[in-house]
Amino acid sequence: MSQPSNVPEPQLDHLYQEVILDHNKKPRNYKVIPQPQLHSHGLNTLCGDEYFLFLNTSPEGKVTDIGFQGSGCAISKASASIMTTLVKDKTIEEVKILKDSFLDFMLKDGITASKEKIGRLKMFEGVKEFPVRVKCATLIWRTLEDALNNIHERKE
Ligand code: ZN
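An unreviewed UniProt entry lists the protein chain under the name SUF system NifU family Fe-S cluster assembly protein, with Candidatus Abzuiibacterium crystallinum given as the organism.

Right, dumping it as structure tokens:
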């Protein structure tokens, strides 16, 4: 058991570990959308996680299609995969509320987000004990934020 000291491996709840490993192995919505309405590219230089995100929306402002591609650690990839499943078919407004709730939950101390607000994203709670890995979990949500704001590059 030797971990690189700069990138500790969070010990997550066993059940959640399984979910994360499953999403890492079989990422959902892992695809390029050609000529997407919204897109962005996110890079976490600390860990080397790098993803491209693509979205299409309906005139009513609903996310009709979402896809991502790239590579990175299990936490970043699972986070991306889970994000796409949660965001698809939601309105942009609902997506923004979920994104803000999750980022608050991950980045602010003492925030105990209600389960209704972030649902299964609570599984990333264990990551909070490892500040260097928090960016792995939040990268795709930052990238989503950028895509919604028409920003196409992020490097952290
Ligand atoms: Zn990572």
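Here the narrative resumes.
This brings us to helix H2 (residues 74–87). Its 14 residues place the ends of H2 20 Å apart at the C-alpha level, agreeing with the 20 Å of an ideal helix rising 1.5 Å per residue. All of the buried residues in H2 are Ile75, Ser76, Lys77, Ala78, Ser79, Ala80, Ser81, Ile82, Met83, Thr84, Leu86 and Val87. Directly after H2, the chain includes aspartate 89, whose backbone phi takes a positive value near 75 degrees.

Here we come to the sheet that holds strand E2 (residues 49–57). Here four strands make up an open sheet; going across it, the order is E3-E2-E1-E4 and the pairing mixed. Edge positions in the sheet fall to strand E3 (63–71) and strand E4 (153–155), since each has one partner strand and no second. Averaged over neighbouring strand pairs, the angle between their axes works out to 15 degrees when direction is ignored. As paired strands, strand E1 (residues 38–44) and E4 are joined by three bridges and run parallel to one another. Looking at E4, one finds that histidine 41 is bridged to glutamate 153. Across the face of the sheet, helix H5 (residues 131–148) comes into contact with E1, E2 and E4 while running at roughly 150 degrees to E1.

Turning our eyes to something else, we now look at the packing of aromatic side chains. Under the criterion given, the structure shown has four aromatic pairs. Aromatic ring contacts, followed pair by pair, group Tyr30, Tyr51 and Phe68 into a single cluster. Positioned over the ring face of phenylalanine 105 is lysine 128, at 4.7 Å from the centre of the ring.

Bringing H5 into the picture now. Counted at 1.5 Å a residue, the expected span for H5 with its 18 residues is 26 Å, and the 26 Å between its end C-alpha atoms agrees. At threonine 138, H5 shows its maximal kink, close to 45 degrees. Of all 18 residues in H5, 14 are buried; the element is thus mostly enclosed. Downstream of H5 by one or two residues, asparagine 150 has phi in the positive range, about 60 degrees.

A separate point is the pairing of E1. Every regular strand shows the same layout, with side chains that alternate between the two sheet faces. With five of seven residues buried, E1 is to be regarded as a mostly interior element. Two successive antiparallel strands, E1 and E2, enclose a turn made up of four residues, where glycine 48 displays a positive phi of approximately 90 degrees.

About the thresholds
Position labels on residues start from 1 in each chain and follow its written sequence. pLDDT decides what is reported in this predicted model: residues at 70 or higher carry local features, side-chain atom pairs at 80 or more are listed and counted, and totals for whole chains, interfaces and linings draw on all residues regardless. The basis for every side-chain value is the complete set of non-hydrogen atoms in the structure, without hydrogens or water. Labels follow the DSSP assignment, with helices taken as runs of H or I lasting at least four residues and strands as runs of E lasting at least two, numbered in each case from the N terminus. Take the residue count of a helix, subtract one, and multiply by 1.5 Å to get its expected span. A simple rule labels every residue: compare its accessible area, found with a 1.4 Å probe on the protein chains alone, to the largest value its type can have, and call it buried under 20%, exposed over 50%, or partly exposed in between. Here, strands pair whenever DSSP counts at least two bridges between them. Angles here are taken between N-to-C directions and fall from 0 to 180 degrees, while the axes themselves are lines fitted to C-alpha atoms, restricted in helices to the stretch in contact. Pairs of residues are marked as contacts when any of their non-hydrogen atoms sit within 4.5 Å. Note on aromatic contacts: the rings of Phe and Tyr and the six-membered ring of Trp form a pair at centre separations within 6.5 Å, being stacked when their planes are under 30 degrees apart, edge-to-face when over 60 apart, and tilted otherwise. For a lysine, the NZ atom is tested; for an arginine, the CZ atom; a charge sits over a ring if that atom is within 6 Å of the ring centre and within 35 degrees of the ring normal. The bend reported for a residue corresponds to the angle between axes fitted to the seven residues ending at that residue and the seven starting there.

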